[in-house]
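Read off the chains here:
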Amino acid sequence: MTTPAYQRILLKLSGEALMGDDAYGINPDVVSRIVGEVAEVARMGVQVGVVIGGGNIFRGMAGAASGMDRATADYMGMLATVMNAMALADAMRAAGVVARVQSALNIEQVVEPYIRGKAIRYLENGRVVIFGAGTGNPFFTTDTAAALRGAEIGAQIVLKATKVDGIYTADPKRDPNAERFSRISFDEAISRNLQVMDATAFALCRDQKLPLNVFSIFKPGALKRVVMGEDEGTLVYC
């Protein structure tokens, strides 16, 4: 195949992906490499939307577990995602890729608010759009934000970038005999109780008939291979 299998994608990046091997924060070398992967597919004409997490800076669940009010902790986590989105956009600018950050929380002195129609126009004009602040509501994860934004912008697939190169029958770190699924249906993944993403996000993708691919962002060239329709990661289909 010489042309991409998907023309518009929604890439979900965890905040932890930006840490690399660091204990917290943003590792510039890791961000630069991730941006290089995104830039490569963007230059192929693929329209790229990105939802970024904030776990490298602050995780709402952890804050709530330590006694903080859960809604307050989640809002703090949303602000962390905006920080990551700004860092990612700046790294893309340095790599020659035009990116726009849109936030579900109104902080217009820093980034523009999320407006669906404007986001779609940016994508059509070849801009990478980075969505920060999750859904803008507490109690919803950035996985759910990825499913929601993917459906809203008409993405053909949601790509969940992880540390593992797909979905396995068991934890490959604990079970050396675990086998990777090349393809699996939403219904089978549910029946097997495979922890692909949180239940709300998973149900939204299934109900909107929005396929999902789980792959390793740390595997060089993996994003391009997924976009080209090659056997990379695990495709979850309706």
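Residues numbered from 1 in each chain as written. Predicted model: local features only at pLDDT ≥ 70, side-chain atom pairs only at ≥ 80, totals over all residues. Heavy atoms only, no water.

- As recorded by an unreviewed UniProt entry, the protein carries the name Uridylate kinase and is attributed to Denitromonas halophila.
- Word for word, the UniProt comment on the protein under Subunit (unreviewed entry) is "Homohexamer."
- As recorded by UniProt, the Pathway (unreviewed entry) comment attached to the protein reads in full: "Pyrimidine metabolism; CTP biosynthesis via de novo pathway; UDP from UMP (UMPK route): step 1/1." (UniProt positions renumbered as here; feature names shortened; annotations may be inferred.)

Overview of the UniProt feature "binding site: UMP" (unreviewed entry) in the protein
Point 1. The UniProt feature table records "binding site: UMP" (unreviewed entry) at Gly54, Asp74, Thr135, Gly136, Asn137, Pro138, Phe139, Phe140, Thr141 and Thr142. A maximum C-alpha distance of 14.5 Å is found for the annotated residues, which run over 89 residues; spatially they form one tight group. Residues from the named set that contribute to the lining of the second largest pocket are Gly54, Asp74, Thr135, Asn137, Phe140, Thr141 and Thr142.
Point 2. Turning to its location among the elements, Phe140 is positioned in the loop between β5 (128-132) and α5 (142-152).
Point 3. For Phe140, a relative accessible area of 46% corresponds to the partly exposed category.
Point 4. In contact with Thr142, not counting residues within four places along its chain, are Lys12, Val51, Ile52, Gly53, Thr81 and Gly134. (1 Å grid on protein atoms, 1.4 Å probe; cavity = no way out; pocket = protein on both sides within 12 Å on 5 of 7 lines; lining within 4 Å. Helix = DSSP H or I, 4+ residues; strand = E, 2+ residues; numbered from the N terminus. Buried < 20%, exposed > 50% of the residue type's maximum accessible area, 1.4 Å probe, protein only. Contact = heavy atoms within 4.5 Å.)

A few points about unusual backbone geometry
Point 1. In this structure, Ala133 takes a positive phi of about 70 degrees despite not being glycine.
Point 2. In this fold, Ala133 is placed in the loop between β5 and α5.
Point 3. With relative accessibility at 0%, the residue Ala133 sits in the buried group.
Point 4. The backbone phi angle of Phe139 is positive, close to 75 degrees, even though this residue is not glycine.

Brief notes about the pairing of strand β1 (residues 8-13)
Point 1. Within β1, 6 of the 6 residues are buried, leaving the element largely enclosed by the surrounding structure.
Point 2. Burial of β1 is two-sided: the residues Arg8, Leu10 and Lys12 facing one way and the residues Ile9, Leu11 and Leu13 facing the other way are all buried.
Point 3. Sheet analysis places β1 next to strand β2 (residues 47-52), joined by 6 bridges and oriented parallel. Its bridge partner lying in β2, Lys12 is registered against Val51.
Point 4. With helix α1 (residues 28-42) bridging β1 and the parallel β2, this β-α-β connection has right-handed handedness. (Pairing = 2+ DSSP bridges. Right-handed = clockwise from strand over helix to strand, strands pointing away.)

Observations regarding the pattern of salt bridges
Point 1. Enumeration over the complete set of coordinates arrives at 14 salt bridges.
Point 2. When the shortest N-O distance is used, the salt bridge between Asp90 and Arg93 registers 3.1 Å. Of this pair, Asp90 and Arg93 both sit in helix α3 (residues 70-94), 3 residues apart, which is roughly one turn of that helix.
Point 3. Linking Lys219 and Glu232 is a salt bridge whose minimum nitrogen-to-oxygen distance equals 3.1 Å. Within this pair, whereas Lys219 is found in the loop between β8 (212-216) and α8 (222-227), its partner Glu232 is found in the loop between α8 and β9 (234-237), the two being separated by 13 residues in sequence.
Point 4. Relative accessible area serves as the criterion here: at 5%, Glu232 is assigned to the buried category.
Point 5. A cluster of three or more residues bridged by salt bridges with shared partners is formed by Lys12, Asp143 and Lys160. (Salt bridge = Lys/Arg side-chain N within 4 Å of Asp/Glu carboxyl O.)

A closer look at the layout of surface pockets
Point 1. Of the volumes computed, that of the largest pocket is approximately 570 Å³.
Point 2. As for the largest pocket, its lining consists of 24 residues, of which Lys160, Thr162, Val164, Gln195 and Val196 are closest to the centre.
Point 3. Here the second largest pocket defines a volume of roughly 500 Å³.
Point 4. Along the walls of the second largest pocket sit 28 residues, with Arg59, Phe140, Thr141, Thr142 and Asp143 positioned nearest its centre.
Point 5. Those elements that place two or more of their residues in the lining of the second largest pocket are α2 (60-65), α3, α5 and β6 (157-162).
Point 6. No other element matches α3, which puts 5 residues into the lining of the second largest pocket.
Point 7. Each residue belonging to the lining of the second largest pocket can be placed in one class, and the counts come to 6 nonpolar, 14 polar and 8 charged. (Points joined across faces, edges and corners; volume = space filled by probe spheres on them. Nonpolar A, V, L, I, M, F, W, Y, C, P; charged D, E, K, R; others polar.)

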